[in-house]
Protein chains: 2
Amino acid sequence: MARKQGSHSEITGPRVRDAALRLIAQHGFAAVSMRQIAAEVGVQAGALYNYIADKQSLLFELMKSHMDELLAAYGAESLPHDPTERLDHFTRFHIRFHLPRRDQVFVSYMELRNLSADNFARIEGLRRQYENALEAILRDGIASGAFRVTDSRIATRAVIAMLTGITNWYDPAGPITQDQVEDIYKEMVRNSVAAAI
Amino acid sequence: MARKQGSHSEITGPRVRDAALRLIAQHGFAAVSMRQIAAEVGVQAGALYNYIADKQSLLFELMKSHMDELLAAYGAESLPHDPTERLDHFTRFHIRFHLPRRDQVFVSYMELRNLSADNFARIEGLRRQYENALEAILRDGIASGAFRVTDSRIATRAVIAMLTGITNWYDPAGPITQDQVEDIYKEMVRNSVAAAI
DNA sequence: TTTCCAAATGAACACCCGTTCAGTAACGCT
DNA sequence: AGCGTTACTGAACGGGTGTTCATTTGGAAA
């Protein structure tokens, strides 16, 4: 037996990445074997190597493409000029982008230590780029007097930790809509950095 | 060869847990082998089973004892009555407890998915207990008019995510002292839930 | 000094790991 | 219809996995 009916590279490739993402998010990178991924795709383990160089590259590409999509998506947004509005917009954007991507978020935040040193540095660079976008908002708001924070870098991390934490508990089937989550966090984020009135 | 000079159960036991904690925090539970842990302790893999039932129990006990210590430590604190002061106190306590325990925090937040269903439920119960302590503060503050949040449970999670995120970037050898971190976060946490003035 | 036992060893168990590769079947193209 | 390419199989590679257990040792108690 060799190639099955109607199977093509353009179909199997993405299926490999999808299965890997779901399994890694669920069990962790080290706990998932190539044979498990292959079984999920309906293929033998050896066939995976038509689509990936090795297991490490697979993980890196999953994380890289997540960060690329994130940066591209934010880059495509048209940003309000006013710092407070821009912060509100960032909060909404972050939630809207991340909530439907639970598996990507899980993998991207939990599997950093399984990246090789080189790959880690590249992912970290992309993450830094995204953080810089938020930090620029905070700096503008500080300059305009709208915000008051002691350290813009720390505030950036605090806000992102707060927002990204949502993926750990939010249940799309639960009683709270995504819009409500956005409104609630918009308020809390804004208050956390706003200058006292 | 069997027992080495001067080695005793009361010494080896904790050394096993210490080595396991450090290695698991660094590489992840699934990526660390019993032989690696044993090598770190200076012992053969079989000897570990004098101190642990199996690998799963080892992980569970590491996480359980972290949560037990956390709850005991918070229980031993004397809490201010005023909600705002109690929230400030919580922020300081959380940072002081968690910052010197990087490995425990890493393991406790990243390896939940490697727990068996039973063990997961028990750890989750303990975590919930801790979250309830914060939620009680927020509820009191809402009742007194000091805080204004839409959903006390969500605010609880937001605050804890914000605070626990510190362990991901804080460098004890860096320029920022732990006291400064406490002050900065005390302010941000308070603002994030405070009623507008 | 002898006895006894806790605390280790080291080999073995059955199995799983990532990765490679010769062989083969199904497809698109001529 | 025949050919070449693509996509896959299945076996094999060397090595690692968690766990068990008979055996051996060091040290304390008698």
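Quick caveat, the model's predicted, so the values are computed rather than measured. (Residues numbered from 1 in each chain as written. Chains lettered and ligands numbered in written order. Predicted model: local features only at pLDDT ≥ 70, side-chain atom pairs only at ≥ 80, totals over all residues.)

Engineer: Explanation requested: the nonpolar core in the structure shown.
Structural biologist: The nonpolar side chains of soluble globular proteins are, as a tendency, buried together. Counting 46 residues, the largest nonpolar core has Ala158 and Met162 of chain A together with Ala158 and Met162 of chain B as the members making the most contacts within it. Looking at this core, the elements with two or more residues in it are α4 (83-98), α6 (117-144), α7 (152-164) and α8 (178-193) of chain A together with α4 (83-98), α6 (117-144), α7 (152-164) and α8 (178-193) of chain B. Apart from the residues within four sequence positions on either side, alanine 158 of chain B is in contact with Met162, Gly165, Tyr185 and Met188 of chain A. (Core = buried A, V, L, I, M, F, W, Y, C linked by C-beta atoms within 7 Å. Buried ≥ 20, exposed ≤ 12 C-beta atoms within 10 Å, placed from the backbone. Helix = DSSP H or I, 4+ residues; strand = E, 2+ residues; numbered from the N terminus. Contact = placed C-beta atoms within 7 Å.)

Engineer: Would you mind going over the relation of the copies chain B and chain A with me for this structure?
Structural biologist: Applying a rotation about an axis and a shift along it to one chain copy brings it onto the other copy. Mapping chain B onto chain A calls for a screw motion: a turn of 180° about the axis and a shift of 0.0 Å along it, with 0.0 Å RMSD after fitting. Such values leave the two copies arranged in the relation of a two-fold axis. Looking at the interface residues of chain B, 100% of them are also at the interface in chain A, so both copies use one shared face. (Least-squares fit on C-alpha atoms with pLDDT ≥ 70 in both.)

Engineer: When you look at the interface of chain B and chain A in this model, what are you seeing that I'm missing?
Structural biologist: When the parts of a complex come together, some accessible area is lost, and that lost area is often used as the size of the interface. If you look at the interface, chain B gives 26 residues, while chain A gives 26 residues. For the side of chain B that touches chain A, the elements supplying multiple residues, two or more each, are α1 (9-27), α7 and α8 of chain B. At six residues, α7 of chain B tops the list of elements feeding residues into the side of chain B that touches chain A. Counted by class, the side of chain B that touches chain A contains 15 nonpolar, eight polar and three charged residues. (Nonpolar A, V, L, I, M, F, W, Y, C, P; charged D, E, K, R; others polar.)

Engineer: Just checking my understanding: could you explain the domain arrangement of chain A for this structure?
Structural biologist: All names here are of chain A. When cut into domains, chain A gives domain 1 (1-52) and domain 2 (55-193). For domain 1 versus domain 2, the distance between C-alpha centres works out to 29 Å. On the domain 2 side, the residues contacting the 10 residues of domain 1 number 11 residues. At six residues, the largest contribution of residues to the side of domain 1 that touches domain 2 is made by helix α1 (residues 9-27). (Domains from an automatic or database assignment.)

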